[in-house]
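A structural walkthrough
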Amino acid sequence: MNYGELRRLLLALLPAMLLVTSATSCGSVDVDDILDKAGEVAEDAGKIVRDAIGGTDGDAADEQPGGGRTVSRPPRPTGTIRVGPALVVASQVVASSGGSVKVQKPGDPIDGLEIQVPAGAYAGDRQFNVSTAPITGHDFGEHLNPATPLITIENGGDYSEDFMTVRIPVDLPPDHFAMAFYYDAEAGTLEGIPFSNVSEDSITVVTRHFCTLLVSIIKNSVLDDLLKSDIDSHFRPGIDDWQFTNYGSYIAAGGHCAGQCLSALWYFCEQPDGVDLTLNGRYDKNGVKPASPDLWQDDSRGYRLASTVQKDINWGSFENLLMENLAGQDDDLAFKAFGYSIQLTGEPQEIGIFSSAGGGHDMICYRVHKGSLYIADPNYPGNVDRRIQFLNGKFVPYNSGANADEIAAGNGKAYETIQYCAKTATVDWKKIGARWTEFKAGTIGNDVFPEYEIVVVDDEGKETPLADGFESPTKNMTIRVNSAATIGTRVYINDLRVQPDAQGRYALEDGSNLVGIDIWGDVRNDPANRAYEYIDFRYFDVTYGQPDCYGWLLESAVPTITKYDGDPQFTEGFTLEVTDGSYTSEGRMIIPMLEDDSVAHFRHTGNWSPLPGCIKPDETVTLTISATSALEIIPPVDWGTVYNDLLVDLDVAGPEVGRINLASRYGAVAPMSTKRLELKLGEGWEGLTHDIIVKFFTETGHGEYRYTYVYHE
């Protein structure tokens, strides 16, 4: 059943590796020695990361690289907490110099609740209002056992500059564990809150913002059984983390571990691209296909996002505040907090680790299984073997480093302190969302990274800004990056790293050139001791001259794409990604049944080989096309068919050269179908134009690429 029929029926490397350096009017910098050393460091660091990612454990052996795929996962726990009438129990203004708010209601379940606000937490005075509502029931399952009323704390909603604490009275029976959770009534979700102390009569939580919360208790024996089994958020490295490694950048020279983890955690929880659309590989090369997994530098938007979020957090000082405020959290309580929070929320959790040798590191805990925390470490992206073991009531120290360069240089360390950091309690979640908007707009980091301009310099020294479509008048092109920072660059042409000639010029190929410029800046600004860190990577389409072509010359490739959004009542997550030479079409369609609705998830792909830039009159052109389709319906039902059609036409009203038609029924995968097509442009038609048209049709849309050839003497 194609989309139209369904709609009628039913109604989403390394800092010092540089090739050329340039600056503003201050002139150039000689970095030959730095380059020699950088090559050795890069080789060592790359080997360490490759070795670390080499294996997987038995539990994850069936996982495959994400590549921006859609992965179906169990729904996260949601529910409703039912309450009685609310009652205001405290109302007080706290000055910018700090203070406390205390509930003084003898006989009230939260009599004695106390909020501590440090000096400077807010720039001005703040009104705090505390209210409670008795919990009359909920449908979050057997493991949520409210031990307090639903508590709402209002103070304007902004994040504080310093951590606040809330001591919440709770009657904790022997052999029980207590933990506080935010409750979002609109979304129907829970979220764990980190804590510094748990006693038989209270729990002290640590946070930077307030909303509605409660304390839940669980028997240690019940929680221990859960911890011995498998508590899983279904987040996976290589599928849900970023595909690049944490090397740090110009604005986060020590590493951007927190920014990399938190932006990946935000993506997993918020699903900004649609349900189950995974992160890893989706924005490789900023989402432009074909991807370049061996070149992390051109993942510039994601990399700059991680660094920008890191800078927003100001992790260098933040880690000290975090460790200080969570200091009362012992290993046993932290281990239980990870397990209990993942069990109730279905979400991975932020984990902060600290070393007695100095420094901290940020990671994601996504699973508790067989006495271990399963870790996504930004120093080892895609590695599913990273663990923090919990033995005899203690965490085994975890080995990593501030960033991958430090590990490669032999400066890795053991982190003995393992702390539960949760999610929004410690980090401004909405600010990450705002940064994601900048990421999608292509402006991420523009307010914090050094400004620069890329120019082409002619033989007379005249500068012309480099832009897409630049036509170079000379075969050898001089590229300069102007900035207030001391800049170093590496240059790639058509995916190959190239060296300049003795005059600093780069040799272009005849015709079209994809020029990539890798931009780094010296963070020390010391000519005697340069230290270059990543700033950005940019691609430009540059042409030079005309290909030596007697016959038909490729003049243009013009796409016309139509994407279907579908009826929102019956479709979700429709996506159509198209580049010159490939397309991917995915979506989910709800099939109303007599009892339970089924969901049909389909995925189509198609590819065609690049067309030549020149076709001679007597030349036969071989064009390869391939396509595959898959359809999964849950719950299974033998219903309908999805189609994936890929065809090639010659000229507007000309003959059809060939096509692939695929039809998939439920639970089936149409095997890859490949055809080799042969065509000739009309001999004796000199002076005319020819169009070769590649067309495709899927459930989420249709399109065509029209390749226009003009006869060239």
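Residues numbered from 1 in each chain as written. Predicted model: local features only at pLDDT ≥ 70, side-chain atom pairs only at ≥ 80, totals over all residues. Heavy atoms only, no water.

**Concerning the overall build of the chain**
To keep things clear, this is the line we draw: We count a stretch as a helix when DSSP gives it H or I for four or more residues in a row; a strand needs E for two or more, and each element gets its number in order from the N terminus. Buried, partly exposed and exposed residues are distinguished by accessible area as a fraction of the type maximum, computed with a 1.4 Å probe on protein chains only: under 20%, between the cut-offs, and over 50%, respectively.
In terms of helices and strands, the chain carries nine helices and 43 strands. For the chain, the proportion of its 713 residues judged to be buried stands at 54%.

**Details of the sheet that holds strand E24 (residues 452–457)**
Basically, it comes down to this: Two strands make a pair as long as DSSP finds a minimum of two bridges between them. What counts as an axis is a line fitted to C-alpha atoms, over the stretch in contact for a helix, and the angles between N-to-C directions run from 0 to 180 degrees.
Here four strands make up an open sheet; going across it, the order is E25-E24-E27-E30 and the pairing antiparallel. Sheet topology places strand E25 (463–465) and strand E30 (505–507) at the edges, where each strand pairs with a single neighbour. Within this sheet the neighbouring strands show an average axis-to-axis angle of 40°, counted without direction. The pairing of strand E27 (residues 476–483) with E30 spans three bridges and is classified as antiparallel. Bridge pairing in E30 links Asn 476 to Ala 507.

**A closer look at the packing of aromatic side chains**
As a reminder, the rule being used: Only rings of Phe, Tyr and Trp enter the pairing, Trp through its six-membered ring, and a pair is recorded when the two centres are within 6.5 Å. The plane angle decides the type: under 30 degrees is stacked, over 60 is edge-to-face, the rest tilted. Here, a charge over a ring means that NZ of Lys or CZ of Arg falls within 6 Å of the ring centre while also lying within 35 degrees of the ring normal.
On inspection of all chains with the given rule, the structure shows 33 aromatic pairs. With a centroid separation of 5.4 Å and an interplanar angle of 40°, the aromatic rings of Trp 296 and Tyr 534 are classed as tilted. One end of the pair, Trp 296, is in the loop between helix H4 (257–270) and helix H5 (300–313); the other, Tyr 534, is in strand E32 (residues 532–544), and 238 residues separate them in sequence. In terms of burial, Trp 296 and Tyr 534 fall into one category: buried. Consider the rings of Trp 552 and Tyr 711, whose centres lie 5.0 Å apart with planes at 70°: the pair is edge-to-face. In this pair, Trp 552 is assigned in strand E33 (residues 551–563) and Tyr 711 in strand E43 (residues 701–712), connecting sequence segments 159 residues apart. For Trp 552, a relative accessible area of 0% translates into the label buried. The structure contains a cluster of three or more aromatic residues connected by ring pairs, namely Trp 242, Phe 244, Tyr 247, Trp 266, Tyr 267, Tyr 283, Trp 296, Tyr 303, Trp 436, Phe 439, Trp 520 and Tyr 534. Sitting over the face of the ring of Tyr 539, Lys 285 holds its NZ or CZ atom 5.2 Å from the ring centroid. Looking at Arg 304, its charged tip hangs above the ring of Phe 449, at a distance of 4.4 Å from the centre.

**Some words on the sheet that holds strand E37 (residues 614–615)**
Backbone-to-backbone hydrogen bonds join strands into a sheet, with any given pair of strands oriented parallel or antiparallel. Strand order across the open sheet formed by six strands is E37-E33-E43-E42-E39-E40, with antiparallel pairing between neighbours. Since the sheet does not close on itself, it has two edges, and those belong to E37 and strand E40 (656–664), each with one partner. Alignment of strand E39 (residues 642–650) against strand E42 (residues 689–698), held across six bridges, turns out to be antiparallel. Each residue of the ladder has a partner; that of Leu 647, found in E42, is Lys 695.

**Here's the deal with the side chain of Asp 522**
Cut-off, in case you're wondering: N or O atoms within 3.5 Å of each other form a polar contact, as long as, within protein, one can give a hydrogen and the other can take it, and as long as residues adjacent in sequence are counted only when both atoms are side-chain atoms. Contacts: residue pairs with any heavy atoms within 4.5 Å of one another.
Tracing the backbone through its elements, the reader meets Asp 522 in strand E31 (residues 511–522). Exposure remark for Asp 522: the relative accessible area of 3% places this residue in the buried category. Of the polar contacts made by the side chain of Asp 522, one reaches the backbone nitrogen of Asn 525; its length is 2.9 Å. Beyond its immediate stretch of four places on either side in the chain, Asp 522 contacts Tyr 250, Thr 486, Arg 530, Ala 531 and Tyr 532.

**A word on the pattern of salt bridges**
To keep things clear, this is the line we draw: In what follows, salt bridge is the name for a side-chain nitrogen of Lys or Arg lying within 4 Å of a carboxyl oxygen of Asp or Glu.
Applying the stated criterion across every chain, the model contains 28 salt bridges. Put simply, Arg 367 and Asp 230 hold a salt bridge, and the shortest N to O gap is 2.8 Å. Taken together, the positions of Arg 367 in strand E17 (residues 360–369) and Asp 230 in strand E15 (residues 230–232) put the pair 137 residues apart, joining distant regions of the chain. The partner of Asp 447 in a salt bridge is Arg 435, and the shortest N-O contact between them spans 3.2 Å. Of this pair, Asp 447 sits in the loop between helix H9 (429–441) and E24 while Arg 435 is found in helix H9, placing the two residues twelve residues apart along the sequence. The exposed category is assigned to Asp 447, whose relative accessible area is 54%.

**Some details on helix H3 (residues 220–228)**
Each turn of an α-helix holds 3.6 residues, which means side chains three or four residues apart point in the same direction. Applicable threshold: Note that the arc is defined by the directions from the helix axis to the C-beta atoms.
Buried within H3 are the following residues: Asn 220, Leu 223, Leu 226 and Leu 227. The buried side chains of H3 occupy one side of the element, clustering within an arc of 120° when seen end-on. Along H3, the residues that are exposed and aim more than 90 degrees away from the buried face are Asp 225 and Lys 228. Here the buried face of H3 lies against strand E10 (176–184), strand E14 (212–219), E15, helix H7 (331–345) and E17.

**Observations regarding H9**
Definition in use: Expected span of a helix: the number of residues minus one, times 1.5 Å.
Taking 1.5 Å per residue, 13 residues should reach 18 Å; H9 reaches 19 Å between its end C-alpha atoms and fits that length. The inward-facing, buried residues of H9 abut H4 and H5. Taking the backbone nitrogen of Lys 430 as reference, a side-chain oxygen 3.3 Å away marks Asp 428 as the first, capping residue of H9. Residue Gly 442 follows H9 closely and has a positive phi angle near 80°.

**A word on the packing of H3 against H7**
Quick note on the threshold: Under this scheme an angle from 65 to 115 degrees is roughly perpendicular, one under 35 degrees roughly parallel, and one over 145 degrees roughly antiparallel; angles in between are oblique. Under the grouping applied here, Gly and all other residues not named as nonpolar or charged are polar, the nonpolar ones being Ala, Val, Leu, Ile, Met, Phe, Trp, Tyr, Cys and Pro and the charged ones Asp, Glu, Lys and Arg.
One can describe the packing of H3 onto H7 by two numbers: an axis separation of 10 Å at closest approach and a directional angle of 80°. As the angle between them shows, H3 and H7 are arranged roughly perpendicular. Counting all contacts with H3, which are made through Asn 220, Leu 223, Asp 224, Leu 226 and Leu 227, the residues of H7 involved are Phe 335, Lys 336, Gly 339, Tyr 340 and Gln 343. For the contact of H3 with H7, a count of residues per class yields five nonpolar, three polar and two charged.

**Quick notes on unusual backbone geometry**
Cis peptide bonds are those with omega within 30 degrees of zero, and the linkage from Lys 289 to Pro 290 qualifies with 0°. Here Pro 290 is to be found in the loop between H4 and H5. A positive phi angle, near 55°, is found at Asn 392, a position not held by glycine. As for its placement among the helices and strands, Asn 392 is situated in the loop between strand E19 (387–391) and strand E20 (394–395). In this model, Asn 525 sits at a positive phi of 55°, which is unusual for a non-glycine residue. Residue Asn 525 is classed as exposed on the basis of its relative accessible area, which comes to 56%.

What is shown is where atoms sit, not what they do.
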